[in-house]
Amino acid sequence: MRRPMVAGNWKMNGSRESITALLAEIKAGIGAVTGTDVVVCPPYVYLPEVRRQVDSMPIGLGAQDVSDQDSGAFTGEVSGAMLKDVGCTYVIVGHSERRNIYGEDDALTARKFAAARRHGLIPILCVGELLEEREQGVTEQVVARQLDAVIELEGVEALAQAVVAYEPVWAIGTGRTATPEQAQEVHAFIRARVAERNADVAAGLRILYGGSVNGGNAKDLFGRADIDGGLIGGASLKGGEFLTICNAAVQAG
Ligand code: PGA
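Residues numbered from 1 in each chain as written. Predicted model: local features only at pLDDT ≥ 70, side-chain atom pairs only at ≥ 80, totals over all residues. Heavy atoms only, no water.

### Things to note about the site of the ligand
To keep things clear, this is the line we draw: If a single non-hydrogen atom of a residue is within 4 Å of a molecule or strand, that residue counts as near it. Counted as a polar contact is a pair of N or O atoms within 3.5 Å, where, for protein atoms, one must be capable of donating a hydrogen and the other of accepting one, and residues adjacent in sequence contribute only when both atoms are in side chains.
Of all residues adjacent to the ligand, which total 13 residues, the nearest are Lys11, His95, Glu167, Gly173 and Ser212. Between the ligand and the protein, one listed contact pairs an oxygen atom with a backbone N or O atom of Gly173 at 2.6 Å. In this structure, Ser212 approaches the ligand through a main-chain N or O atom, which is 2.7 Å from an oxygen atom.

Following this line, the structure appears as structure tokens:
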């Protein structure tokens, strides 16, 4: 059985004050969330503060990005070693906003995935197609290309200590969620693609869905066979709604 997981991607939002209030709400309800990994991914600068505030709570810490380099003259970058040092367990790599706004390609994403692993972090590898790619009918080719870049660099076994998040770009922050059927179809494709190389890794791989997940649609999405939880953006900034989503994962798990 795969353990469900819900990760909140706060993106570039929040202040010390708002984050403290958000965490207080989450902490108040987290006791009811059993058998599910709950993770929050604040902006880099708030990682130590969030670590301090969630200490001894069953809430994991993740970063939103990581450098492909380990140390040195790389102004503005943050290494996997640093993330590990401040208490991160997870790190998102290849989020569509990194790929599409900052031009990060499959090769760089794969190197970031490798860097995360070198430092003992669990990468949450994001994959997903643009609207025009879906309309052209090339969703599977795009997702396969993004996945294969990582498998070619690190080997399929690396996915045994990783999480994949399917996030169709047209569904992120748009309020336009993929239907559970659309999401399940791509999740099953991802699992089958991994299974071609290693059936055990595929069976154990957690594949999260992301893109306009909210308290109302989470249960239906997480109820599908290959959807093991969610990567939540906007709705993770509201404590009550994030908890509703976590509880949907508990019920589905
Ligand atoms: P959203 O973002 O839930 O606001 O659509 C998801 C994500 O980008 O990870």
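### Re the sheet that holds strand β7 (residues 206–210)
The following threshold applies: Strands are treated as partners if at least two bridges between them are detected by DSSP. Strands here are runs of E lasting at least two residues and helices are runs of H or I lasting at least four, both read from the DSSP assignment and numbered beginning at the N terminus. Simply put, an axis is a line fit to the C-alpha atoms, just over the touching stretch for a helix, and the angle between two N-to-C directions goes from 0 to 180 degrees.
What the 8 strands build is a closed barrel, ordered β1-β2-β3-β4-β5-β6-β7-β8; its pairing is parallel. Each strand axis lies, on average, 25 degrees off the axis of its neighbour in the sheet, ignoring direction. Across 4 bridges, strand β6 (residues 163–166) lies against β7 in parallel orientation. Residue pairing across strands places Ala165 opposite Leu208, the latter belonging to β7.

### Digging into the packing of helix α5 (residues 106–118) against helix α7 (residues 139–154)
In plain terms, the rule: Here the angle decides the label: under 35 degrees means roughly parallel, over 145 means roughly antiparallel, 65 to 115 means roughly perpendicular, and every other value means oblique. Each helix crossing is assigned a hand: it is left-handed if the near helix lies turned anticlockwise from the far helix by less than a right angle, otherwise right-handed if that turn is clockwise. Whether two residues are in contact is decided by their heavy atoms: any pair within 4.5 Å suffices. All amino acids are sorted into three groups, where Ala, Val, Leu, Ile, Met, Phe, Trp, Tyr, Cys and Pro are nonpolar, Asp, Glu, Lys and Arg are charged, and the leftover types, Gly among them, are polar.
One can describe the packing of α5 onto α7 by two numbers: an axis separation of 9 Å at closest approach and a directional angle of 50 degrees. Classified by the angle their axes make, α5 and α7 are oblique. Here the hand of the crossing between α5 and α7 comes out right-handed. Facing Asp106, Ala110, Arg111, Phe113, Ala114 and Arg117 of α5, the residues of α7 in contact are Arg145, Gln146, Ala149, Val150, Leu153 and Glu154. Within the contact of α5 with α7, the residues separate by chemical class into 6 nonpolar, 1 polar and 5 charged.

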